[in-house]
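Reading the structure
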Amino acid sequence: MSISSSCSTAPGTDKSVFERAFATCAENTLSNLPALAASGRTWAFHPDGRYEEWNEGFFEIGNWTTGFFTGMGVLAWLRSGDEAFLNAVVGMDSLYQRKVTEGAADTMHDLGFLFSPYAVALAKLTGEEKFRDLGVRAAELLADRFIAEGNYIRAWGRMDETGPAYDYDGLAIIDCMMNLPLLYWASEVTGNPRFREIALLHSDTTLAHFIREDGSVYHSFRFHEDGTPKGPDNYCGRSVESHWARGATWAMYGFALGYRHTGDKRYLEASLKVTRKWISLLDEEVVPVWDFRLGEGETPLRDSSAAAIAVCAIQELDGLGHADAEMLATKDALLARLCSEDYFDSRSEVRGILKKGEVGDGVGKAKYAYTSWGDYFFMEGLAREIGVDVSWW
Ligand code: GLY
């Protein structure tokens with residue numbers, strides 16, 4: 001579909017709408033962050049936006065989401081200059097420090113999601129050494145997950161858990177593209193090229209095995225112990241051969257960022273290819289169906305979080321001078337749709353912001369929830385529209 005010709009939501013939304021939505025995000029953040037820090041836990045998603053009911057420890061393998069709360073605090077601080085936001089973000093510090101010193105961060109690859117919108121952002125914006133050191137330590141832990149035989153970063157599980165008993169052994173997932181900016185940054189600040197080399201090798205492996213000829217994307221890929229490719233897999237989309245909308249946006253944004261960090265045209269082409277395909281599959285609702293290849297009769301639940309991430313991906317491509325008119329029209333239409341009451345919850349008593357994010361309800365199944373990652377990327381998209389510089393990816 002061509003968004004510019006058939007979208008029912010007027011593109012080019014008045015910036016005051018974005019300002020107001022951003023202010024709501026900031027208001028929620030100022031109440032969310034201290035409560036999150038005091039809980040000593042993490043929050044991820046909730047069907048009614050009551051994130052405080054999410055029952056997961058900060059140090060558990062599933063925590064890939066705390067950075068979205070701190071990232072929102074940093075965005076609010078940058079926009080307002082109000083140090084209350086910065087103080088609320090830094091209120092998470094003892095948890096973050098313990099995460100890398102107490103062996104709690106060696107279970108998964110989501111260190112970029114966690115530490116870029118915290119340690120990298122604070123290192124860049126405050127210049128404080130302790131945040132730089134924290135970010136570099138997180139990058140070391142991520143780099144330690146690199147499997148040289150197959151040139152990929154292992155997604156989940158401790159690195160000493162190997163062999164047939166461990167399902168996650170030999171597994172890489174598309175989401176990891178968003179963890180790579182942590183590695184590019186670590187090479188910049190340390191002068192050690194190893195981090196960047198790993199990011200490049202993992203990106204090339206992702207190019208080779210995840211992006212299909214038609215621009216759709218696999219969620220996961222498995223490798224044998226000797227590094228030879230075993231084949232695609234799936235933990236998040238409808239099925240192995242389906243086209244998970246959010247997974248595609250991790251590729252859209254991740255490869256655009258890869259191009260920014262390297263200038264490698266292959267990464268730009270990958271981002272553009274996946275973006276064009278993704279846009280071609282949107283319908284009148286604009287916000288995508290959670291998986292573009294659902295079976296006959298399956299409920300076409302939407303994914304507001306994929307819409308928000310796509311906005312940021314297209315903004316990134318635009319900043320690099322490579323978003324065409326249809327991409328920009330799509331970005332405007334997505335953001336306008338997300339700002340509508342169908343998706344945006346402006347009530348300050350509810351912690352969540354974006355409704356109708358897709359969360360897995362068992363492999364191949366989906367349900368709706370407010371999602372912390374949807375909220376974050378929505379706020380990032382708004383921030384970029386109103387002139388806030390996002391420098392941590
Ligand atoms: N990175 C996990 C997800 O997108 O659901």
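As shown above, the structure is provided for reference.
Description of the structure in this document. All residue numbers here refer to positions counted from 1 along the written sequence of the relevant chain. This being a predicted model, a pLDDT of at least 70 is required before a residue's local features are given, and a value of 80 or more before pairs of side-chain atoms are given or counted; all residues contribute to the totals for chains, interfaces and linings. The side-chain figures draw on all heavy atoms in the structure; neither hydrogens nor water molecules are used.

Brief notes about the site of the ligand
What counts here: One heavy atom within 4 Å of a molecule or strand is enough for the residue carrying it to be called near that molecule or strand. Pairs of N or O atoms are called polar contacts if they sit within 3.5 Å, as long as, within protein, a hydrogen donor faces a hydrogen acceptor (for residues adjacent in sequence, only side-chain-to-side-chain pairs). Accessibility throughout is a Shrake-Rupley quantity obtained with a 1.4 Å probe, and a residue counts as covered only by protein chains that appear here.
Every residue lining the ligand is accounted for by Trp-64, Asp-175, Trp-244, Arg-246 and Trp-250. Asp-175 is positioned such that a nitrogen or oxygen atom in its side chain is 2.6 Å from a nitrogen atom of the ligand. In isolation the ligand offers 190 Å² of accessible surface; the protein chains occlude 86% of this area.

Here we look at the pattern of salt bridges
Using the following cut-off: Between Lys or Arg on one side and Asp or Glu on the other, a salt bridge is scored when a side-chain nitrogen of the former is within 4 Å of a carboxyl oxygen of the latter. Strands are runs of DSSP state E lasting at least 2 residues, helices are runs of H or I lasting at least 4, and numbering of each runs from the N terminus. For every residue, the accessible area (1.4 Å probe, protein chains only) is compared with the maximum for its type, and the residue is labelled buried under 20%, exposed over 50%, or partly exposed between those bounds.
A complete count under the given rule lists 33 salt bridges for this structure. Where Arg-266 meets Asp-204, a salt bridge forms, and the shortest distance between an N and an O atom there is 2.9 Å. Remark: Asp-204 occurs in helix 9 (residues 194-209) and Arg-266 occurs in helix 11 (residues 265-280); sequence separation between them is 62 residues. Overall, the relative accessible area of 41% leaves Arg-266 in the partly exposed class. Here the salt bridges do not stand alone but share partners, grouping Lys-15, Lys-331, Asp-332 and Glu-385 into one network.

Things to note about the sheet that holds strand 10 (residues 366-371)
Rule in force here: Here, any two strands with at least 2 DSSP bridges between them count as paired. Two residues qualify as a contact provided that any one of their heavy atoms is within 4.5 Å of a heavy atom in the partner residue. For helices, the fitted line uses only the C-alpha atoms of the stretch in contact; every axis is such a line through C-alpha atoms, and the angle between N-to-C directions lies from 0 to 180 degrees.
Here three strands make up an open sheet; going across it, the order is 2-10-9 and the pairing antiparallel. Where the open sheet ends on each side, the last strands, each with one partner, are strand 2 (45-46) and strand 9 (357-360). Two strands pair when backbone bridges link them, and strand 9 and strand 10 are joined in this way by four bridges, in the antiparallel orientation. Looking at the pairing, Gly-357 lines up with Ala-369 of strand 10. Its contacts with the sheet place helix 14 (residues 372-385) against strand 2, strand 9 and strand 10, and it is angled at close to 55 degrees to strand 10.

Remarks on the pairing of strand 8 (residues 229-233)
As paired elements, strand 7 (residues 220-223) and strand 8 share four bridges and run antiparallel to each other. In the strand pairing of strand 8, Arg-222 is matched with Gly-231. The loop that links strand 7 with its antiparallel partner strand 8 comprises five residues; one of these, Gly-227, has a positive phi angle of about 90 degrees.

Details of the packing of aromatic side chains
Worth spelling out the cut-off: What counts as a ring pair is set by centres within 6.5 Å for rings of Phe, Tyr and Trp (its six-membered ring), and what kind of pair is set by the plane angle: stacked under 30 degrees, edge-to-face over 60, tilted for all other angles.
With the rule as written, the count across this model stands at 31 aromatic pairs. Arranged with centres 6.1 Å apart and planes meeting at 90 degrees, the rings of Trp-278 and Phe-292 form a pair that is edge-to-face. One end of the pair, Trp-278, is in helix 11; the other, Phe-292, is in the loop between helix 11 and helix 12 (304-319), and 14 residues separate them in sequence. On the accessibility criterion, Trp-278 (0% relative accessible area) is buried. With a centroid separation of 5.7 Å and an interplanar angle of 50 degrees, the aromatic rings of Phe-344 and Phe-378 are classed as tilted.

Here's the deal with helix 10 (residues 245-262)
Basically, it comes down to this: In this scheme, a helix's expected span is set at 1.5 Å multiplied by one less than its residue total.
A rise of 1.5 Å per residue sets the reference length of helix 10, with its 18 residues, at 26 Å; its end C-alpha atoms lie 26 Å apart and thus fit the reference within 8%. In terms of residue burial, helix 10 counts as a mostly covered element, since 16 of its 18 residues are buried. Immediately downstream of helix 10, the backbone of Gly-263 shows phi near 75 degrees, a positive value.

Quick word on the sheet that holds strand 6 (residues 171-173)
Adjacent strands of a sheet pair through backbone hydrogen bonds, lying either parallel or antiparallel. Strand order in the open sheet formed by three strands is 6-7-8, with antiparallel pairing between adjacent strands. What marks the edges here is a single partner per strand, and that holds for strand 6 and strand 8. When the angles between neighbouring strand axes are averaged without regard to direction, this sheet yields 25 degrees.

Some thoughts on the pairing of strand 10
Sheet topology note: the strand 2/strand 10 ladder contains two bridges and is antiparallel. Paired with Phe-45 across the bridge in strand 10 is Thr-371. The antiparallel pairing of strand 9 with strand 10 creates a hairpin that spans five residues between the two strands, and Gly-362 there sits at a positive phi of about 100 degrees.

Some words on the packing of helix 2 (residues 15-39) against helix 14
This is how it is decided: Roughly parallel means an angle under 35 degrees; roughly antiparallel, over 145; roughly perpendicular, 65 to 115; everything else is oblique. Note: crossing handedness is left-handed where the near helix turns anticlockwise from the far helix by less than a right angle, and right-handed where it turns clockwise. Gly is placed with the polar residues, together with every amino acid not listed as nonpolar (Ala, Val, Leu, Ile, Met, Phe, Trp, Tyr, Cys and Pro) or charged (Asp, Glu, Lys and Arg).
At a minimum axis distance of 9 Å, the contact between helix 2 and helix 14 shows a crossing angle of 135 degrees. By the angle between their directions, the pair helix 2 and helix 14 is classed as oblique. At the point where helix 2 passes helix 14, the crossing takes the left-handed sense. Facing helix 2, whose interface residues are Lys-15, Phe-18, Ala-21, Phe-22, Cys-25, Ala-26 and Thr-29, helix 14 presents Phe-378, Met-379, Leu-382, Ala-383 and Glu-385. For the contact of helix 2 with helix 14, the per-class residue count stands at nine nonpolar, one polar and two charged.

Comments concerning unusual backbone geometry
Not every positive phi belongs to a glycine, and Val-286 is a case in point at roughly 70 degrees. Topologically, Val-286 is positioned in the loop between helix 11 and helix 12. Classification of Val-286 as buried rests on a relative accessible area of 0%. With a phi close to 55 degrees, Lys-356 is a non-glycine residue in the positive phi region. Counting through the fold element by element, Lys-356 comes out in the loop between helix 13 (325-338) and strand 9.

Considering the side chain of Ser-242
Mapping Ser-242 onto the fold places it in the loop between strand 8 and helix 10. At a separation of 2.7 Å, a polar atom in the side chain of Ser-242 contacts the side chain of Asp-291. In this view, Ser-242 contacts Arg-212, Val-217, Gly-237, Asp-291 and Arg-293; residues no more than four positions away in its chain are not counted.

Observations regarding the packing of helix 5 (residues 93-101) against helix 6 (residues 111-126)
Between helix 5 and helix 6, the shortest axis-to-axis distance is 12 Å and the interhelical angle comes to 130 degrees. Judged by the angle between their axes, helix 5 and helix 6 are oblique. Handedness of the helix 5/helix 6 crossing: left-handed. Residue-level inspection shows Asp-93, Tyr-96, Lys-99 and Val-100 of helix 5 in contact with helix 6, the latter providing Leu-114, Phe-115 and Tyr-118.

Take it as geometry only, folks, not as evidence of what the structure does.
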